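# Structure assessment
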Amino acid sequence: MAVITIDGIQYDVDPKLTIIQAAKLQGIKIPHFCWHPKLSVAGNCRMCLVDVGNPRRNRDGTLVQDDKGNNVIDFMPKLAIACSTPVGDGMVVNTKTPKVVNAQEAVMEFLLINHPLDCPICDEAGECKLQDYAYKYSVGQSRFEFDKVRKPKRVELGPRVMLDTERCIMCSRCVRFCNEIAKKPQLTFTQRGDHVELTTFPGVQLDNPYSMNTIDLCPVGALTNKDFRFKARVWEMSATETICVGCARGCNTKMWVRNNEILRLTPRHNPEVNDYWMCDKGRLETFKWVNSDKRIKAPMIRKEGRLMQVGWDEVAAKVASELRHYKKSEIAALGSAFATNEENYAFVKLMKHAGVTNIDFMRHIYQGDEDDILIRADKAPNSAGAKAVGVHQEGTGLGFEGILKGITEGTIKALYSLDEHIAYEPRMAAVLPKLDLFILHASVENETTTYADIVLSTATYAEKNGTFTNFQGQVQRIRPAVAVLENERALNGFSMSRLDKFGSHNDRWTKGLKRDARAIWRTSSRIAGALGAKWKYTSSEEVFNEMTTTLEAFKGMSYLKLSGYGMKLKTTITKSISVPV
């Protein structure tokens, strides 16, 4: 370890670190634009300048000390950039001296010379480093008396990213990301001096599968999200920590909501899963259906050929009554790799209470649609979790292929399926009309719901608490960001925006649509009660706590322990896992 002194306080640090890394580990913030912990060092912005001194040494290598026995420190004649200067034993670093402060003010003045004064209309306002640093490290005025350099605006770099060249401060984060992380060198700088411009290579678009990470990396408002552009201010939205459901990776994300509507997803750092990144498909295609006009607003029962909305007591009694009409061997159950661990667990427990042994779930493997960065061929977020809680073929029960065959041959007459569009599979779509009874948990109207006799309106992943298990066995939390009819944002632990906190009853941003949808574990508990079971849950955490006592793979876990980066399953997932009745 190396002993360094930062602003008069000594720290033991790894000698392989740079000054900015060592300071960050000690909770000391050194301002920076171009540096990023996962990108190479560029040293472009000079914002991280610090005063650095090293102990003076004699020719034999011994330290020179003054009359009081303290090491004599020789400071460098010029300030050093903290992002590329390695620490050394005995090093002294000052981050707040007048010399450093003057340098920071000069850098900010230089960066703002040609920067447009368009903060009121900039999408980055409220989360812009340049805006924050201008307040904290700038003198608030400029000596520049000439017209600003004009550069192109509204430049479409690719199908998902828009560039305002005037705002770019040439930090090169986006260029380095494409080169080093996405492995697609698509961005570069042209021109020189104050006329320099960010652009793509000739004949090339910024269209790699991770292109929108450049928006998150951009410390100013130069790169913007074409899908989210001009939709909302950051302080108008709540930011909820959750998980991407686009594939089995389970990238950690923040879900941004205004007026009970999801407006964007952004990546959240988790070194165990996705680092700082997420793919464009996960960012754009995994939430819009939650806002869909085709959302199912309440439970429904088919009467006289039409699905009619009913109450929860009626639909629970109807499910229990219908299940009693069939032999146990004539009923099949399909869990879901899109449902949470808690929901699949409660579902398996309900089916076993009803005596159903034909249990499995559909796989969603797209061979070839995978890379070495984040994207997985398994397009469901919880396949590993479904297996871990017992959603699989066991003993003499039928698996998915057996269930398909049974429906085709007429030996399976009733199917109970969790929230999933199973009719997208052609073979399943062909056999669904042959069923005498089809019970379905669903959140959106689609082809599958047209075959259902009973539809239980289901809360989406954005509307409930729970856990997913990714392909690595990492168990991670999801939290509600969108309220349903039975939830109130201010009372149920939701992340709150400024509008949520200070809005009044007659404000339009408090009138967002709420649907009468419930988590599957809650519905399963009510149906179980109608079937004579005594178990009841009042929260997903109670279901999870039961899982930790009955399933070896989840022992030692709790919602509190999962709140950070999640936890790995304790055992390898096998088909020997059983769920108590």
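What comes next is a walk through the structure. (Residues numbered from 1 in each chain as written. Predicted model: local features only at pLDDT ≥ 70, side-chain atom pairs only at ≥ 80, totals over all residues. Heavy atoms only, no water.)

## Things to note about the layout of surface pockets
Taken as a whole, the largest pocket encloses approximately 1300 Å³ of empty space. Surrounding the largest pocket, 41 residues form its lining, His 36, Glu 127, Lys 129, Arg 173 and Asp 216 being those nearest its centre. At the level of secondary structure, the elements contributing two or more residues to the lining of the largest pocket comprise helix 1 (19–25), helix 3 (129–137), helix 5 (213–217), strand 11 (223–225), strand 13 (252–258) and strand 14 (261–267). With 5 residues, the single largest contributor to the lining of the largest pocket is helix 3. Residue contributions to the lining of the largest pocket reach at least three from each of two domains, namely domain 1 (2–96) and domain 2 (107–225). Within this model, the second largest pocket holds a volume of roughly 1100 Å³. (1 Å grid on protein atoms, 1.4 Å probe; cavity = no way out; pocket = protein on both sides within 12 Å on 5 of 7 lines; lining within 4 Å. Points joined across faces, edges and corners; volume = space filled by probe spheres on them. Helix = DSSP H or I, 4+ residues; strand = E, 2+ residues; numbered from the N terminus. Domains from an automatic or database assignment.)

## Quick notes on the packing of helix 8 (residues 341–353) against helix 14 (residues 520–530)
The interhelical angle for the contact between helix 8 and helix 14, taken along N-to-C directions, is 20 degrees, at an axis separation of 8 Å. Comparing the axis directions of helix 8 and helix 14 gives the class roughly parallel. The two elements helix 8 and helix 14 meet at a crossing, and its hand is left-handed. Seen from helix 8, the contacting residues are Glu 342, Glu 343, Ala 346, Phe 347 and Leu 350; seen from helix 14, they are Ile 520, Trp 521, Ser 524, Ile 527 and Ala 528. (Axes fitted to C-alpha atoms, helices over the stretch in contact; angles between N-to-C directions. Parallel < 35°, antiparallel > 145°, perpendicular 65-115°, else oblique. Left-handed = near helix turned anticlockwise from the far one by under 90°. Contact = heavy atoms within 4.5 Å.)

## Focus: the sheet that holds strand 23 (residues 474–478)
Pairing within the open sheet is antiparallel, and its 3 strands lie in the order 22-23-24. The sheet is open, and its two borders are formed by strand 22 (466–469) and strand 24 (567–568), each paired with just one other strand. The pairing of strand 23 with strand 24 spans 2 bridges and is classified as antiparallel. Of the residues in strand 24, the one forming a bridge with Val 475 is Met 567. Running at roughly 95 degrees to strand 22, helix 8 makes contact with strand 22 and strand 23 of the sheet. (Pairing = 2+ DSSP bridges.)

## Some remarks on the nonpolar core
Counting residues in hydrophobic clusters, the biggest one holds 56 residues, and the most contacted among them are Tyr 416 and Phe 554. Sequence-distant contacts of Tyr 416, defined by excluding residues within four places in its chain, comprise Val 319, Leu 323, Ala 332, Ala 333, Leu 334, Phe 347, Leu 350, Met 351, Ile 439, His 441, Leu 456 and Ile 527. Leu 111, Tyr 210, Met 212 and Ile 215 belong to the second-largest nonpolar core, a separate cluster that totals 43 residues. (Core = buried A, V, L, I, M, F, W, Y, C linked by side-chain atoms within 4.5 Å. Buried < 20%, exposed > 50% of the residue type's maximum accessible area, 1.4 Å probe, protein only.)

## Concerning the packing of aromatic side chains
Two descriptors summarise a pair of aromatic rings, namely the distance from one centre to the other and the angle between the planes of the rings. A complete count under the given rule lists 10 aromatic pairs for this structure. Judged by centre distance (6.2 Å) and plane angle (35 degrees), the ring pair of Trp 289 and Tyr 461 falls under tilted. Residue Trp 289 is found in the loop between helix 6 (280–285) and strand 15 (300–303), and its partner Tyr 461 is found in the loop between strand 21 (454–457) and strand 22; the two are separated by 172 residues along the sequence. Judged by its relative accessible area of 32%, Trp 289 is partly exposed. (Phe/Tyr/Trp six-rings, centres within 6.5 Å; stacked < 30°, edge-to-face > 60°.)

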